[in-house]
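Chain by chain, the residues:
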Amino acid sequence: MSKKHKNKGAQAIPALAVQPTDITQDSLTNLVAGLMNSRDKMAYNHYAFRKTISRSELATMYRSNWLARKIIDAPAEDMTREWLSLETKDESSKDTLEAAEKRFKLVTLLTNNLKWGRLFGGSALYMSLAGEDPETPLETERIRKGALQGFLVLDQHQLTVDKQPSLVDLNRPEYWRPEHYRVADTQQIIHASRLIFSDGALVPVSDLKQQGFWHDSVLQALYDELQRGDTVASGTASMFFEMCVDILKINGLTNKLNSDEGTREVQKRFEVTNTAKSFNRMMLLDSADDYQQKTINFGGVSEVATMFLQRISGAADIPATRLLGQSPTGLSATGESDIRNYYDALKAKQENILRPQVEKIYDVMAMSELGHPLKDLVIEFNPLWQLCEAERANAEKIRAETDQIYLMQGVIHEAHSLKRLKANDTYAITDEDLDEAQALAQELDIPDEPDATRPDQGTLQAHDKTPV
């Protein structure tokens, strides 16, 4: 091939021109396939914040939509369902605090605080202390005995910011939260330290000021999914009105409807025909009439509805077995792993959200009920996963066999096993039983002293060994 022909061949293949509109940053692109460039419709997708759900609409969703209500209630109720255990050396103080907890209905009010925080994006539990100015910071160590009057739940629409924070004070753990709040429709101002806050779905700190320093409702991100689910359910229900439609073709019907007398004649005939069909299970027709019946095929509707419910379950981070109350599907599916993962997530929320709240509350109750702080008080949340009777018996059997092995090897004493049995409330073991077992264990630990009058006792020297 000549040089001239080579140049022509090279010019026959045009270079791929890249237009500025074909370039998409920070995304997978393929100019040849048209992926994420001006030819790809997906390139024009973007997320836009539609609106913040109003309080009235949130309240309506909670009251009228069972899924929305369960999304709000289920995690809050599950976090406090098994509640917690108190441990301290002073048993009388423990009993006093537990009695105060029931008297003030603490579990119910904390649960409601969590619910309204999830629903409205924020809520606060106010601790009412007699003889103290609510506008001043709370000083726990100065609370007088009997000062605690009770608790009051106030959602974010009952509290407004009295003064927006102007400076960022990094010495405050929650520097972004205002120091003073005003109760709606009153002149009462409350210092933030006297409030136990329960936040909803967290939003960036930069957006808090636009929302009055409150977070989002957990239903905000689920709004579209809930609407889609309701649309599918409502549409499916409406289809049942049209699932079976009778079609009757009558010769000359149009001409008969042109006059009032003909219209009345047709209406009367249809009424008689419909009555005969309903009561006698038959239809009387003229030989020239044509009767058909159209039915709707509901195949695939169940799968579509299930898909939307599963999307709602995933968006709410609640397993379908808990949210929908349905049995798990699939081969060898029990739903146990889903519930365990759900409980593990709630356990983390208990430690991160509930623990600081209840520790502050019990400090206040200790000062009010006992008149002094209870420094050795240990708070432990009870397990959310409860074993059945057979599982508890099997677990106890394994622990008993383990204790028996350790006892035979001298690793533990009977007192150690008794302490565990008492802690698990396996038997009615008293403190006196533990003291006796501990004393017996100490006696067994004392080595026998050698008798000087007996020559066969004492330390055996190397040269005294007699070969066998």
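Bear in mind the structure is a predicted one, so any value in this text is a computation, not a measurement. (Residues numbered from 1 in each chain as written. Predicted model: local features only at pLDDT ≥ 70, side-chain atom pairs only at ≥ 80, totals over all residues. Heavy atoms only, no water.)

Quick look at the environment of Ile143
Okay, so step 1: Residue position: Ile143 is located in the loop between β2 (122–129) and β3 (148–155).
Okay, so step 2: Residue classification places Ile143 among the buried positions, given a relative accessible area of 4%.
Okay, so step 3: In this structure the C-alpha to C-alpha distance between Ile143 and Asp363, which are 220 residues apart in sequence, comes to 9.9 Å.
Okay, so step 4: Apart from the residues lying within four places of it in its own chain, the contact partners of Ile143 are Leu129, Glu132, Leu138, Val364, Met367 and Ser368. (Helix = DSSP H or I, 4+ residues; strand = E, 2+ residues; numbered from the N terminus. Buried < 20%, exposed > 50% of the residue type's maximum accessible area, 1.4 Å probe, protein only. Contact = heavy atoms within 4.5 Å.)

Some remarks on the side chain of Gln156
Okay, so step 1: Turning to its location among the elements, Gln156 is positioned in the loop between β3 and β4 (159–161).
Okay, so step 2: A relative accessible area of 13% places Gln156 in the buried class.
Okay, so step 3: Discounting chain neighbours no more than four positions away, the residues touching Gln156 are Phe120, Gly121, Gly122, Ser123, Trp214 and His215.

Considerations on unusual backbone geometry
Okay, so step 1: In this model, Asp185 sits at a positive phi of 65°, which is unusual for a non-glycine residue.
Okay, so step 2: With respect to the secondary-structure elements, Asp185 resides in the loop between β5 (180–183) and β6 (189–191).
Okay, so step 3: For Asp317, which is not glycine, the phi torsion reads 60° and is therefore positive.
Okay, so step 4: Among the structural elements, Asp317 can be located in the loop between α10 (301–316) and α11 (320–323).

Structural notes on the packing of aromatic side chains
Okay, so step 1: Going through the model one piece at a time under the given rule, you end up with eight aromatic pairs.
Okay, so step 2: Their ring planes at 50° and their centres at 5.4 Å tell us that Tyr181 and Phe197 sit as a pair that is tilted. In this pair, Tyr181 is assigned in strand β5 and Phe197 in strand β7 (residues 195–199), connecting sequence segments 16 residues apart. Comparing Tyr181 with Phe197, the two get one shared label, buried.
Okay, so step 3: Site record: aromatic cluster; members linked through ring pairs are Tyr62, Trp116 and Phe120.
Okay, so step 4: Stacked on the ring of Phe197, the Lys or Arg Arg177 has its end atom at 3.9 Å from the ring centre.
Okay, so step 5: Geometry around Trp385 places Arg340 over its ring, the cationic atom sitting 4.1 Å from the centre. (Phe/Tyr/Trp six-rings, centres within 6.5 Å; stacked < 30°, edge-to-face > 60°. Lys NZ or Arg CZ within 6 Å of the ring centre and 35° of its normal.)

Here's the deal with the confidence of the model for the chain
Okay, so step 1: The predicted model of the chain averages 81 in pLDDT, with 80% of residues at 70 or higher.
Okay, so step 2: Mean pLDDT across the secondary structure elements of the chain bottoms out at helix α1 (residues 3–11), with 48, and peaks at helix α5 (residues 106–120), with 97.
Okay, so step 3: Considering only residues more than four positions removed or in separate chains, one finds that residues 13–18, a stretch of pLDDT under 50, has two contacts.
Okay, so step 4: Every residue in residues 454–468 is under pLDDT 50, and counting partners more than four places away or in other chains gives four contacts. (pLDDT = per-residue confidence, 0-100.)

Structural notes on the environment of Met79
Okay, so step 1: Within the element layout of this structure, Met79 appears in helix α3 (residues 66–81).
Okay, so step 2: When near neighbours in sequence (up to four residues on either side) are disregarded, Met79 contacts Leu114, Leu346, Lys349, Gln350 and Leu354.

Here's the deal with the sheet that holds β5
Across a sheet, strands are paired by hydrogen bonds formed along the backbone, either parallel or antiparallel in direction.
Okay, so step 1: Pairing is antiparallel in the open sheet, where three strands are placed in the order β4-β5-β6. Bordering the open sheet on either side are β4 and β6, each of which pairs with just one other strand. Pairs of neighbouring strands in the sheet enclose a mean axial angle of 40°, with direction left out of account. (Pairing = 2+ DSSP bridges. Axes fitted to C-alpha atoms, helices over the stretch in contact; angles between N-to-C directions.)

Looking at the layout of surface pockets
Okay, so step 1: Put simply, the largest pocket is a space of about 1100 Å³.
Okay, so step 2: Lining the largest pocket are 39 residues, with Glu174, Arg177, Phe197, Asp199 and Gln357 positioned closest to its centre.
Okay, so step 3: For the lining of the largest pocket, the secondary structure elements donating two or more residues are α3, α5, β7, α10 and α12 (336–370).
Okay, so step 4: When residues in the lining of the largest pocket are grouped by element, the largest group, nine residues, is from α12.
Okay, so step 5: Of the residues that constitute the lining of the largest pocket, the class distribution is 23 nonpolar, seven polar and nine charged. (1 Å grid on protein atoms, 1.4 Å probe; cavity = no way out; pocket = protein on both sides within 12 Å on 5 of 7 lines; lining within 4 Å. Points joined across faces, edges and corners; volume = space filled by probe spheres on them. Nonpolar A, V, L, I, M, F, W, Y, C, P; charged D, E, K, R; others polar.)

Re the packing of helix α2 (residues 55–64) against α5
In a pair of packed helices, the angle between the axes and the distance between the axes together describe the arrangement.
Okay, so step 1: Relative orientation of the contacting elements α2 and α5 amounts to 120°, with a least axis distance of 10 Å. In terms of orientation, α2 and α5 fall into the oblique class. Taking contact as the criterion, the partners of Arg55, Leu58 and Tyr62 in α2 are, on α5, Lys115, Trp116, Leu119 and Phe120.
Okay, so step 2: Its residues assigned to classes, the contact of α2 with α5 shows five nonpolar, no polar and two charged. (Parallel < 35°, antiparallel > 145°, perpendicular 65-115°, else oblique.)

Considering the side chain of His191
Okay, so step 1: Within the secondary structure, His191 sits in strand β6.
Okay, so step 2: For His191, a relative accessible area of 11% corresponds to the buried category.
Okay, so step 3: Those residues within four positions of His191 in sequence are excluded, and the remaining contacts are Pro134, Glu135, Thr136, Pro137, Glu179 and His180.

A look at the sheet that holds β2
Okay, so step 1: Read from one edge to the other, the open sheet built from three strands follows the order β3-β2-β7, with strand pairing classed as antiparallel. Looking at strand neighbours, the two that pair on one side only are β3 and β7, the edges of this open sheet. Across the sheet, the mean angle separating the axes of adjacent strands is 15° when strand polarity is ignored.
Okay, so step 2: Note: β2 against β3, seven bridges, orientation antiparallel. Bridging across to β3, Leu129 finds its partner in Leu148.
Okay, so step 3: Packing against the sheet, α5 makes contact with β2, β3 and β7, and its axis sits at approximately 145° to β2.

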